[in-house]
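A closer look at the structure
In case you want the letters, here they are:
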Amino acid sequence: MPTILITGAASGIGRATAVLFASRGWQCVLVDRNAEALAALLPTLPTSEGRTHLSRELDLTNPADIQVLSDLALSLDAIINNAGMSDTSGLSLVDQDSTQFERLLALNLQAPACVVEALAAQLVPGARVVNVASGAGLHAIPLRGAYSATKAGLIAQTRVLAKVRPDLCVSVLCPGFVRTELVAELIAIGRLNPADAVAKIPLGRMAEPQELAEALFFLASAGAGPLSGERISFDGGSSVFGGSKAFLPATHATMPFDMAVSFQLTACPDKAWETALNSGQTGEDKAGYAATIDFSALAAKEGQVLQAVHQAAVRYGKENGAGSSLTLLLPAGDQDETSWPNSGDLAAARMLVATLACELGPQAMRINAIEADANVQPDILAPLLQFAGGAKAQFLTGQTIRARSSSGLSNI
Ligand code: NAI
């Protein structure tokens, strides 16, 4: 039975995540400063194998409080650093004193590192560490104090942690707009217009907390092994959108997240991919969520990846409709400097993926890419492809994710 520690578990995304992990047989250690909400949540979580869930009430802005976690004496398979807060004072940065500024810094940027350090001796080899940043870490949001700055710092810190701890599997999730209770209430009382909220989201809707929980479940699973310091923006495409025309609210209903996936493989180099992708699936479900995995760009001639992506998208667009996805395999990154005139090819391909996501989003069609080494084994990459292409990742679009060719260490 794997064990996970989740911070900020008493509310919103953290609570949905705790419920999901517990329902899938994990032992959860819930950390939050809200003792009352923790006490209400803990007994509602399903237990497995007679092992009870634990909770720790502590203030994560206080490093001394965080140190008590070192006494847990557990074997931890994963940590999710989810607790975070925004600045609601409405003051501009130049009008802020250091108190609120420091509090945000302590919670959003310093606490995740402190938690990992306090728990270092309890992490199993290959343990997953998932930090929850925000789309705000990629774009400056005015009048939110140090929120964007601290989340940008967390994204960068995650990359460095992955380098210094290659024995772990480290990633950072950047959620877009999530329909937490707070957001739903603001809409209900007319303080937030859903049309304004989704105007910059190609998929035309906000995420449900359960979708973020599913993303975190994948990132904390052994299948996330090929990720090392990667940022996953789970935001309906908002982080890649740079246009000025407002998106309309989605007209297509979201498909059930637990829906079976029906994979369509194009230019597949080896039958082993088909076997790996369909493993864990309950039979051939032709009516499942339609996920095209296109390998054609891997065989593209030098400097021709951009065109291969375009052709793959044309094929996908002709053969698919709402509630489907295209996931492209792209050759891994570093260009040979002797052929520098072609060195813009991969960046162009990534931006084409993003542009396609903006164009196809309103039709509930998603496109993402995975950059992988040519020698990567299907078994290593299949879980990532299953997640990115499947119904659980219906809010993931426009992203290019770099995957290493080993799975890291894992005992799950
Ligand atoms: P939330 O406010 O519903 O939950 C945050 C939890 O963290 C609460 O249970 C709170 O008690 C706990 N917490 C806050 N300060 C703490 C402290 N000093 N010590 C211990 N616990 C503390 O937030 P939500 O919306 O679920 O967000 C979770 C994470 O996702 C945050 O890091 C947030 O920045 C990020 N995020 C959320 C988005 C959204 O639309 N809800 C969008 C992008 C990022």
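Calculation criteria
- Residues numbered from 1 in each chain as written.
- Predicted model: local features only at pLDDT ≥ 70, side-chain atom pairs only at ≥ 80, totals over all residues.
- Heavy atoms only, no water.
- Helix = DSSP H or I, 4+ residues; strand = E, 2+ residues; numbered from the N terminus.
- Rg over C-alpha atoms; globule rule 2.2 N^0.38 Å.
- Contact = heavy atoms within 4.5 Å.
- Areas by Shrake-Rupley, 256 points an atom, 1.4 Å probe, with all protein chains shown as cover.
- Lys, Arg positive; Asp, Glu negative; His and termini not counted.
- Charge placed at Lys NZ, Arg CZ, Asp CG, Glu CD.
- Core = buried A, V, L, I, M, F, W, Y, C linked by side-chain atoms within 4.5 Å.
- Buried < 20%, exposed > 50% of the residue type's maximum accessible area, 1.4 Å probe, protein only.
- Domains from an automatic or database assignment.
- Buried area = accessible area lost by both parts, 1.4 Å probe.
- Salt bridge = Lys/Arg side-chain N within 4 Å of Asp/Glu carboxyl O.
- Polar contact = N/O pair within 3.5 Å; in protein donor to acceptor, adjacent residues only side chain to side chain.
- Nonpolar A, V, L, I, M, F, W, Y, C, P; charged D, E, K, R; others polar.
- Near = heavy atom within 4 Å.
- Pairing = 2+ DSSP bridges.
- Axes fitted to C-alpha atoms, helices over the stretch in contact; angles between N-to-C directions.
- 1 Å grid on protein atoms, 1.4 Å probe; cavity = no way out; pocket = protein on both sides within 12 Å on 5 of 7 lines; lining within 4 Å.
- Points joined across faces, edges and corners; volume = space filled by probe spheres on them.

Some points on the overall build of the protein
Looking only at helices and strands, one finds twelve helices and twelve strands in the protein. Relative to the 2.2 N^0.38 estimate, which gives 22 Å for 412 residues, the radius of gyration of the protein is 21 Å and therefore close to what a compact globule would have. Taking the principal axes of the C-alpha coordinates as reference, the protein spans close to 55 × 45 × 45 Å. Counting only contacts in the protein whose residues sit at least 6 apart along the sequence, the fraction spanning at least 24 positions is 78%. With the model as given, the accessible surface of the protein reaches about 18000 Å², and the carbon-plus-sulfur share is 54%. Of the charged side chains in the protein, 28 are positive and 38 negative, and the gap between their average positions amounts to 3 Å.

Some remarks on the nonpolar core
Soluble, globular proteins show a tendency: their nonpolar side chains are buried together. In terms of nonpolar packing, the biggest core is built from 66 residues, with Ile4, Phe21, Ile80, Phe234 and Leu381 touching the most fellow members. Both domains that meet at this core, namely domain 1 (3-239) and domain 2 (261-402), each give it at least three residues. Not counting residues up to four positions away in its chain, the partners in contact with Leu381 are Pro226, Trp273, Leu329, Ile370, Ala372, Val376 and Ala403.

Remarks on unusual backbone geometry
Phi angles above zero are rare outside glycine, and Leu143 is one such case at about 60°. Among the structural elements, Leu143 can be located in the loop between β5 (123-132) and α5 (147-164). A residue is classified by how much of its surface remains accessible, and Leu143, at 52% relative accessible area, is exposed. Of note, Ala364 is a non-glycine position whose phi angle comes to about 55°, a positive value.

Observations regarding the domain arrangement of the protein
Domain boundaries assigned for the protein yield domain 1 (3-239) and domain 2 (261-402). Taken together, the 24 residues of domain 1 in the interface contact 21 residues of domain 2. Note on domain 1 versus domain 2: buried area summed over both sides is about 1800 Å², and carbon and sulfur give 70% of it. Where domain 1 meets domain 2, there are zero salt bridges. The interface formed by domain 1 and domain 2 holds four residue pairs in polar contact (both at pLDDT 80 or more) in total. For the side of domain 1 that touches domain 2, the secondary structure elements donating two or more residues are α8 (209-219) and β7 (230-234). Ranked by residues supplied to the side of domain 1 that touches domain 2, first place goes to β7 with five residues. Split into classes, the residues belonging to the side of domain 1 that touches domain 2 amount to twelve nonpolar, five polar and seven charged.

Let's talk about the site of the ligand
Close to the ligand lie 25 residues, the nearest being Ser11, Ile13, Asp32, Asn82 and Tyr147. At 3.2 Å, a backbone N or O of Arg33 approaches a nitrogen atom of the ligand. Lys151 has a polar side-chain atom sitting 2.9 Å from an oxygen atom of the ligand. Out of a free accessible area of 830 Å², the ligand has 85% covered by protein chains. Contributions of two or more residues to the shell around the ligand are made by α1 (12-23) and α5. Class assignment of the residues belonging to the shell around the ligand gives a composition of twelve nonpolar, nine polar and four charged.

A short note on the sheet that holds β5
What the seven strands build is an open sheet, ordered β3-β2-β1-β4-β5-β6-β7; its pairing is parallel. Every interior strand has two partners, whereas the edge strands, β3 (54-57) and β7, have only one. If you compare each strand with its neighbour and ignore which way they point, the axes differ by 15° on average. Relative to β7, strand β6 (residues 169-175) runs parallel, the two sharing five bridges. Among the inter-strand pairings, Leu173 is bridged to a residue of β7, identified as Ile232. Docked against the sheet, helix α4 (residues 98-119) engages β1 (3-7), β4 (76-81) and β5, running at close to 165° with respect to β4.

Let's talk about empty space enclosed by the protein
Space left empty within the atom packing is revealed by a probe, the size of a water molecule, rolled over the atoms. Scanning all chains against the criterion turns up one cavity of 30 Å³ or more. Considered as a void within the structure, the largest cavity measures approximately 40 Å³ in volume. Around the largest cavity sit Thr7, Leu60, Asn81, Ala83, Leu107, Ala111, Pro112 and Val115, which together line it. Ranked by residues supplied to the lining of the largest cavity, first place goes to α4 with four residues. Broken down by class, the residue content of the lining of the largest cavity amounts to six nonpolar, two polar and no charged.

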